[in-house]
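Coordinates in review
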Amino acid sequence: MENILSCRPASYGPHQSVAYDHLAEIGVKHVELPIPAPDKVDEALKQLERRGLSAATSQGRLDIQNPNIAQEFEQTAQITRQLGAQLIFVSVNAGALKRSEAYARLRAVGDVCARHGVTVVMETHPDMITNGTVARQTMQGVNHPNIRVNWDTANVYFYNEGIDGVEEMNKTVEYISAVHLKDTSGGYREWYFPALGEGVVDFPKVFRTLNARGFYGPFTMELEGIQGENLTEEGAKERVASSVRYLRSIGVLG
């Protein structure tokens, strides 16, 4: 099987307007698409189809503090299916909410997703997917097949000290249904996310580990850049193109 490569348009920083055309030009066929308003779905699909692109994942909002989140998430699930995607990327923070209540609300969201044939994938963010250990606890607490992990290869270094990224990933690997490909200097809370292959992430091992378990994507490039930089349009394009060249050089793309 071939790995499915996708990209967040936000990887182009302030130059997101060129993302679709450039991705098509360099052979990337999938994107992670922010949920459009209901009356903008058709136009969003036309913009993708015009370039031969499709949505591998949608990007939604899941406010676990909202006791009515399950009912309100219905529209997000519906639009995701309209976009042709089956995975909804979200960031979730329980905060002061009791874990038992957070798990119950996520299970209710999972039931909504199951009715629509979609799955929520929770980003590697505090405080529910902070690292592999916490992610596993959350997944076991929620215990729903439509609530899964989006593993971010760089965030695990950003939010934790003294860890090995692949070791952390292995702690929750059976719950991973989507991956954000992002490189990092490895520094705790250091906003340094360069092109893939320019940091400390062991991408060959990441792909070997996940492929061995039958996971082939989506692998979504999330290139968040370097604090203080002033990225030009050409620089943004080159960062994405360089990342794709790197993935091809390590043999994980067809």
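Structure shown above.
Thresholds applied
Residue numbers run consecutively from 1 along every chain, following the written order of its sequence. Local features are withheld for residues below a pLDDT of 70 in this predicted model, meaning they are given only at 70 or higher, and side-chain atom pairs are given and counted only at 80 or more; totals for whole chains, interfaces and linings count all residues. Side-chain metrics in this entry use all non-hydrogen atoms of the structure; hydrogen atoms and water are not considered. Helix and strand definitions follow DSSP, with helices as H or I runs of at least four residues and strands as E runs of at least two, each counted in order from the N terminus. With C-alpha atoms as the basis for the radius of gyration, the globule rule is written as 2.2 Å multiplied by the number of residues raised to the power 0.38. Burial here depends on accessible area, computed with a 1.4 Å probe over protein chains only, as a share of the maximum for the residue type. Under 20% is buried, over 50% is exposed, and the range in between is partly exposed. Methods summary: accessible areas were calculated by the Shrake-Rupley approach with a probe of 1.4 Å, and residue burial reflects only the protein chains presented. Throughout, a residue-residue contact means that at least one pair of heavy atoms, one from each residue, lies within 4.5 Å. All axes here are fitted lines through C-alpha atoms, helices being fitted over the stretch that makes contact, and every angle between N-to-C directions spans 0 to 180 degrees. For this classification, under 35 degrees means roughly parallel, over 145 means roughly antiparallel, 65 to 115 means roughly perpendicular, and everything else is oblique. With the far helix as reference, a near helix turned anticlockwise by less than a right angle produces a left-handed crossing, and one turned clockwise produces a right-handed crossing. Charged means Asp, Glu, Lys or Arg here, nonpolar means Ala, Val, Leu, Ile, Met, Phe, Trp, Tyr, Cys or Pro, and polar covers whatever is left, Gly included. Along the arc lie the directions from the helix axis toward the C-beta atoms. The criterion for strand pairing is that DSSP finds at least two bridges linking the strands in question.

Digging into the overall build of the protein chain
If you tally the helices and strands in the protein chain, you get ten helices and ten strands. Computed over the C-alpha atoms, the radius of gyration of the protein chain is 17 Å, within 12% of the 18 Å expected from 2.2 N^0.38 for a compact globule of 254 residues. Taken along its principal axes, the extent of the C-alpha atoms in the protein chain is 45 × 45 × 40 Å. Considering the protein chain as a whole, with its 254 residues, one finds that 56% of them fall into the buried category. Surface summary for the protein chain: the accessible area is close to 11,100 Å², and the carbon and sulfur share equals 44%.

A short note on the environment of Gly197
In this fold, Gly197 is placed in the loop between strand S8 (192–193) and helix H9 (203–212). Since its relative accessible area comes to 39%, Gly197 is described here as partly exposed. The spatial distance from the C-alpha of Gly197 to the C-alpha of Thr184 is 9.2 Å, given a sequence separation of 13 residues. Setting aside chain neighbours within four positions, we find Gly197 in contact with Asp183, Phe203 and Tyr246.

As for the packing of helix H4 (residues 74–82) against helix H5 (residues 99–116)
For the pair H4 and H5, interaxial distance at closest approach is 9 Å and the crossing angle is 30°. It follows from the interaxial angle that H4 and H5 lie roughly parallel. The handedness of the crossing between H4 and H5 is right-handed. On H5, the residues that touch Glu74, Ala77, Gln78 and Arg81 of H4 are Val112, Arg115 and His116. Along the lines of polarity and charge, the residues of the contact of H4 with H5 split into two nonpolar, two polar and three charged.

Thoughts on helix H2 (residues 41–50)
Among the residues of H2, Val41, Ala44, Leu45 and Leu48 are the ones counted as buried. When H2 is viewed along its axis, its buried side chains cluster within an angular range of 95° and face the same direction. Away from its buried face, by an angle of more than 90 degrees, H2 presents the exposed residues Asp42 and Arg50. The elements touched by buried residues of H2 are helix H1 (19–25), strand S2 (30–34), strand S3 (54–59) and H4. Following H2 by one or two positions, Gly52 has its phi on the positive side, about 75°.

Here we look at the sheet that holds strand S7 (residues 176–181)
With parallel pairing, the eight strands of this closed barrel are ordered in space as S1-S2-S3-S4-S5-S6-S7-S9. With strand direction ignored, the average angle separating the axes of adjacent strands in the sheet is 35°. Alignment of S3 against strand S4 (residues 87–90), held across two bridges, turns out to be parallel. Across the sheet, Ser58 pairs through a bridge with Ile88, a residue of S4. Against the sheet, H5 makes contact with S4, strand S5 (119–123) and strand S6 (147–152), and its axis sits at roughly 140° relative to S5, the strand it touches most.

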